[in-house]
Amino acid sequence: MNDMSTEGYVTEDGRKIGGVLMEMKDISLRFGGVKAITDISFNIREGEIRAIIGPNGAGKSSMLNVISGFYIPQEGEVWYKGARRPQMKPYEVAQQGIARTFQNIALFEGMSVLDNVMTGRLNHMKTGLLAQSIWKGKAEAEEVANREKVEKVIDFLEIQHIRKTPVSRLPYGLKKRVELARALAVEPSLLLLDEPMAGMNVEEKEDMSRFILDVNDEFGTTIALIEHDMGVVMDLSDRVVVMDYGKKIGDGTPDEVRGNQAVIDAYLGVSHD
Amino acid sequence: MAQSSEATGGLASVPALLQRNAREFADKAAYREKEFGIWQSWTWSEAEKEIEAFALGLINLGIKEGDFVAIVGRNRPHFYWAMVAAQSAGAVPVPVYQDSAAEEMAYVLEHCGARYAVVEDQEQVDKLIEIQDQLHQLEHMIYVDPRGLRKYDHHALHRFSDIQEQGRAAYYEWIEDLKARREKLTYDSTCVMLYTSGTTGKPKGVVLSNRNVIQSAKNACEFDDLNAGDEVLAYLPMAWVGDFIFSIGQAYWTGFCVNCPESPDTMMTDLREIGPSYYFAPPRIFETQLTNVMIRMEDASPFKKKLFDYFMAHARKVGPAILDGKQVSTWDRLKYKLGELFIYGPLKNTLGFSKVRVGYTAGEAIGPEIFDFYRSLGINLKQLYGQTEATVFVTVQPDGEVRADTVGVPAPDVEIRINDDGRIFYRSPGTFVEYYKNPESTADTKDAEGWVDTGDAGFFEPDTGHLRIIDRAKDVGTMADGAMFAPKYVENKLKFYPDILEVVLFGNGKDRCVAFINIDLSAVGNWAERNNIGYASYQELAQHPRVLETIQNHVEEVNKSVAEDEMLSGCQVHRFVILHKELDADDGEMTRTRKVRRVIVADKFKEIIDAMYDGKDEIYTETEVTYEDGRKGSISATLQIRDAQVQPVKAQKVAAE
């Protein structure tokens, strides 16, 4: 299934997956002498939920940071929307329509949920500083239009009741949801989720899974996610990349990956006799 | 028949009232709902169009006169429209509690044989799909919120707006049919069927006619002078008779506006934004609000807290008297005015009660302290006694004659009779038609002359003519020494403490009373946080020694106050436990309207009760719990049983004679 053809495929539940949106070619990343990622290639197709899994220290977060442009790999190429991506600043990557959430929540703690989510619309605002400080006219109309989009997201993620609440007062699970809201407000073509369920209880995990599936279903957003919880990953994703010690040891549908001996060894350990 | 539709000017059905409102109040807001952060509104003429489109869509889908349409969702304009649309098409709406577990829902839908179900979202659709095998009659499901449902098989599943669209497209095909069906509706046709949750046994379908609903709504509106300018917030379960009467009956009779909250969690914010002029809530809501106020005052600065305490003490002293227009000294009035400026006004504003002209509490007895708290702020909160079978109203309190311990005088056109054993019977235009498919129960409850047994015991106060409810007739008992046992009285006293959420008192036929207590997690949790007490779960917090001690103090306080009452001093609590779980409707321990099912609780926790009477100090227990999605789990805990100090029982008059 992990072929290089440009046509997509159809998932079990009948969703049509499109062509390749992002392609990682022979990526290697080093920090000094430490090899974080060695020679990894895979692609992300339009409309799919793609997971990157692996044990602790496998290099998953590094991989996500390469995708989001935060780390620049020493070797290899990143192709996005059919073109090779040059070295970019993270904000330039964001302008290309890639949004992300963070493993350790990175919200503006003192600001309200609404304001936090509104920051996701920054790239869609065209009026200048001066116009915004005078506020009347164009800037106002623009804010109203953006607020409308944000309200749709708030409604979608069911966080109406905390709209005006400062983020610092929210419990962990809700903060995660607010972060997702901010990323969605960007209207991304590729959404990166860094351990969206880390530290959550079962109920929160179920809610989050439902939101991720709904986002993909409702807006057709391509999602790449890193996750620890194997059960969640296998249920959510269309295709999975498995990493261990910076190397790719498996790639395919959840069922294929589950049966892969290298993956089983990485997760359960191998006897050395 | 005693009344004909002439009394209401020929308006013999809810759809007829809709037509009138669309003419007379065409541009006045009929519905509002907060969506996407903004209050969206529909005028009466717009609402009429929406309802017509949906009714046409239903006819297009093949709905027949007399069909049942289940309505499962939280308060949203769409569901009110769906109910009136169903009526317009000659069908009968059956609102169902949306938080019911799948089996409960299956029972109701199977019992009425609903062919159509209008539901809110994916959650409800999934629930109905799960029980589809048991529902042979269910043919079509219509949902409002399309989210997550795109991939579902849409052969028998439709989107609300699509049905309306189809209705508009087929306008000329069906409009004459719709009009004809609407014309056929009379005062005697069924208006709605509501399932009573019932503290015992299976739910029963109460059939209410247009006469019941319109006549009751009209009488109640006249009693409180409600008019088209009033505003209500619709947040109570749609399956409850109260919501049907307020949000449909009275709203359609007077033409006032029904406001729907954005989500269940935003209710308090929405309440404040709307500032309703007519407000209705079960005691539970008032208790929760009071608890929240008290918690927040605990966190306030010492100066603010002092100010609050000072003025609240003053309000308790003179507030109710001022509200009732009684004589109060000028100095006290002045001080009350000052309090209004500093405390009462802002507090009422925060609670969303600034504009409340008429507020009602019903469904259960309210603790006098809670009741007085709101009245002392100047909120015209009154009590009402009613039930589904009476289309709500049995007795109401007129303005100026409000007291915490009575439920008022008979509502307009209601006759009341009290039997020798204290049981209350009534007869009124609101008296229900029958229990659906259950003639035995109908005959048990309603006699040939139309008198209905309330199941409650009470008496009329000789001086004022106000009705006083003692308790559910079957809950009132006698203790081993012949003294009266009335659990509600003691439970309500305990429930006034913000720490205590629920109490169940036992003692019928025994020599002393024991009690189960549920702590209020928000109040006690807040207290624990302030006192640096760590806890991982409800069970752990409930068994914390300091929590037990606090509750023990409350119990002993209440014992003192109960001992004052000559009739009930035997009901003092000798021993109590704090339960390891909250009583929950999902586990069948409460009804959906949150009334305790005493018999079930007593049966389920029998070993704990036995241990309390056996004099044990602690008991290990394991209980099965049901999660909202129907899965089951179990929780276990070792509960400590505490002894509470009791006051000597006063020599009882009854015994002395």
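Residues numbered from 1 in each chain as written. Chains lettered and ligands numbered in written order. Predicted model: local features only at pLDDT ≥ 70, side-chain atom pairs only at ≥ 80, totals over all residues. Heavy atoms only, no water.

## A look at the overall build of chain B
Threshold: Think of it this way: any DSSP run of H or I at least four residues long counts as a helix, any run of E at least two long counts as a strand, and we number them from the N terminus. Using a 1.4 Å probe on the protein chains alone, a residue whose accessible area is under 20% of its type maximum counts as buried, one over 50% counts as exposed, and one in between counts as partly exposed. The contact definition used throughout considers only heavy atoms, calling two residues in contact when any of these lie within 4.5 Å. We get accessible surface area from the Shrake-Rupley algorithm with a probe of 1.4 Å; when it comes to residues, only the shown protein chains can shield them. The convention is simple: Lys and Arg are positive, Asp and Glu are negative, and His and the chain ends are not counted. By convention, charge coordinates are those of NZ in Lys, CZ in Arg, CG in Asp, or CD in Glu.
Each helix and strand counted, chain B has 22 helices and 29 strands in total. For the C-alpha atoms alone, the extent of chain B along its principal axes is close to 80 × 60 × 55 Å. Buried residues in chain B amount to 59% of all 657 residues. Long-range contacts, defined here as pairs at least 24 residues apart, represent 66% of the contacts in chain B between residues at least 6 apart. Only carbon and sulfur atoms are counted for the fraction: they give 50% of the accessible area of chain B, which is about 27,100 Å². Averaging the coordinates of the 73 positive side-chain charges in chain B and doing the same for the 101 negative ones gives two points 4 Å apart.

## Remarks on a negative patch on the surface
Residue and element names in this part refer to chain B. Let me state the cut-off plainly: Two distance rules govern patches: like charges are joined within 9 Å, and nonpolar side chains (Val, Leu, Ile, Met, Phe, Trp, Tyr) within 5 Å, applied only to residues with over 30% relative accessible area and no salt bridge. Put simply, a salt bridge is a Lys or Arg side-chain nitrogen that is within 4 Å of an Asp or Glu carboxyl oxygen.
On the surface, a cluster of negative charge is made up of Glu103, Glu123, Asp126 and Glu130. Looking at the negative patch element by element, the count peaks at 3 residues for helix 5 (residues 122-130). Within the secondary structure layout, glutamate 123 lies in helix 5.

## Here we look at the state of the cysteines
Rules: Two cysteine sulfurs form a disulfide in these notes if their separation is within 2.5 Å.
In the structure shown here, the tally under the stated rule is 0 disulfides over all chains. The structure places no disulfide on cysteine 191 of chain B, whose sulfur is separated from the nearest cysteine sulfur, that of cysteine 221 of chain B, by 14 Å.

## Brief notes about the sheet that holds strand 3 (residues 20-31) of chain A
Residues and elements named next belong to chain A. Our working rule: Two strands qualify as a pair provided DSSP detects at least 2 bridges between them. Axes here refer to lines fitted to C-alpha atoms; in helices the fit is confined to the stretch in contact. Angles between the N-to-C directions go from 0 to 180 degrees.
Here 4 strands make up an open sheet; going across it, the order is 4-3-6-7 and the pairing antiparallel. This sheet does not close on itself; its edge strands, each paired only once, are strand 4 (34-45) and strand 7 (83-84). With 8 bridges joining them, strand 3 and strand 4 adopt antiparallel strand pairing. Among the inter-strand pairings, leucine 29 is bridged to a residue of strand 4, identified as isoleucine 37. With respect to the sheet, helix 1 (residues 60-67) is in contact with strand 3, strand 4 and strand 6 (75-80), its orientation differing from that of strand 3 by roughly 120°.

## Digging into the nonpolar core
The condition that has to hold: Here, nonpolar core means buried Ala, Val, Leu, Ile, Met, Phe, Trp, Tyr and Cys residues that are tied together by side-chain atoms lying within 4.5 Å of each other. In this entry, domain limits derive from an automatic or database-based domain assignment.
Ranked by size, the top nonpolar core spans 123 residues in total, and within it Tyr252 and Tyr374 of chain B carry the most contacts. For this core, the element with the most residues is helix 2 (residues 44-61) of chain B, which contributes 9 residues. Looking at which domains feed residues into this core, each of domain 1 (8-217 + 239-253) and domain 2 (281-472) of chain B gives three or more. Dropping the residues within four chain positions of it, tyrosine 374 of chain B is found in contact with Phe286, Gln289, Leu290, Leu351, Phe353, Ile379 and Leu381 of chain B. Of all hydrophobic cores here, the second largest spans 45 residues; its members include Ile49, Ala181, Val232 and Val257 of chain A.

## What about the pattern of salt bridges?
Residues and elements named next belong to chain B. Within the structure shown, the criterion is met by 59 salt bridges over all chains. The shortest N-O distance in the salt bridge between arginine 284 and glutamate 502 comes to 2.6 Å. Of this pair, arginine 284 sits in helix 11 (residues 283-299) while glutamate 502 sits in strand 24 (residues 500-506), placing them 218 residues apart in sequence. Residue classification places arginine 284 among the buried residues on the basis of a relative accessible area of 16%. Across the pair glutamate 461 and arginine 403 runs a salt bridge whose closest N-O atoms are separated by 2.9 Å. On the criterion of sequence distance, the pair formed by glutamate 461 in the loop between strand 20 (452-460) and strand 21 (467-472) and arginine 403 in the loop between strand 15 (392-396) and strand 16 (409-410) is long-range, its members being 58 residues apart. A residue is classified by how much of its surface remains accessible, and arginine 403, at 29% relative accessible area, is partly exposed.

## Brief notes about the confidence of the model for chain B
Residues and elements named next belong to chain B. The cut-off we apply is this: Residue-level confidence of the predictor is summarised by pLDDT, bounded by 0 at the bottom and 100 at the top.
Residues with a pLDDT of 70 or more make up 96% of chain B, whose mean pLDDT is 89. Looking at the elements of chain B, mean pLDDT is at its lowest for helix 22 (residues 653-656), recorded as 41, and at its highest for helix 3 (residues 77-88), recorded as 97. Note on residues 652-657: pLDDT is under 50 here. Beyond four places in sequence and across chains, it has 6 contacts.

## Quick notes on helix 7 (residues 202-219) of chain A
Residue and element names in this part refer to chain A. Note the following rule: Given a helix with a known number of residues, its expected span is that number minus one, times 1.5 Å. Think of a polar contact as two N or O atoms within 3.5 Å of one another; within protein, one of them needs to be a possible hydrogen donor and the other a possible acceptor, and neighboring residues in sequence only count if both atoms come from side chains.
Along its 18 residues, helix 7 runs 26 Å from first to last C-alpha, staying within 8% of the 26 Å computed at 1.5 Å per residue. All of the buried residues along helix 7 are Met208, Ser209, Phe211, Ile212, Asp214, Val215, Asn216 and Asp217. Contacts made by the buried residues of helix 7 are with strand 5 (49-53), helix 5 (138-156), helix 6 (172-185), strand 9 (190-194), strand 10 (222-226) and helix 8 (230-236). Where helix 7 begins, one side-chain oxygen reaches toward the backbone nitrogen of glutamate 203, 3.1 Å away; that side chain belongs to asparagine 201. Looking one or two places after helix 7, you find glycine 220, whose phi comes out positive at around 65°.

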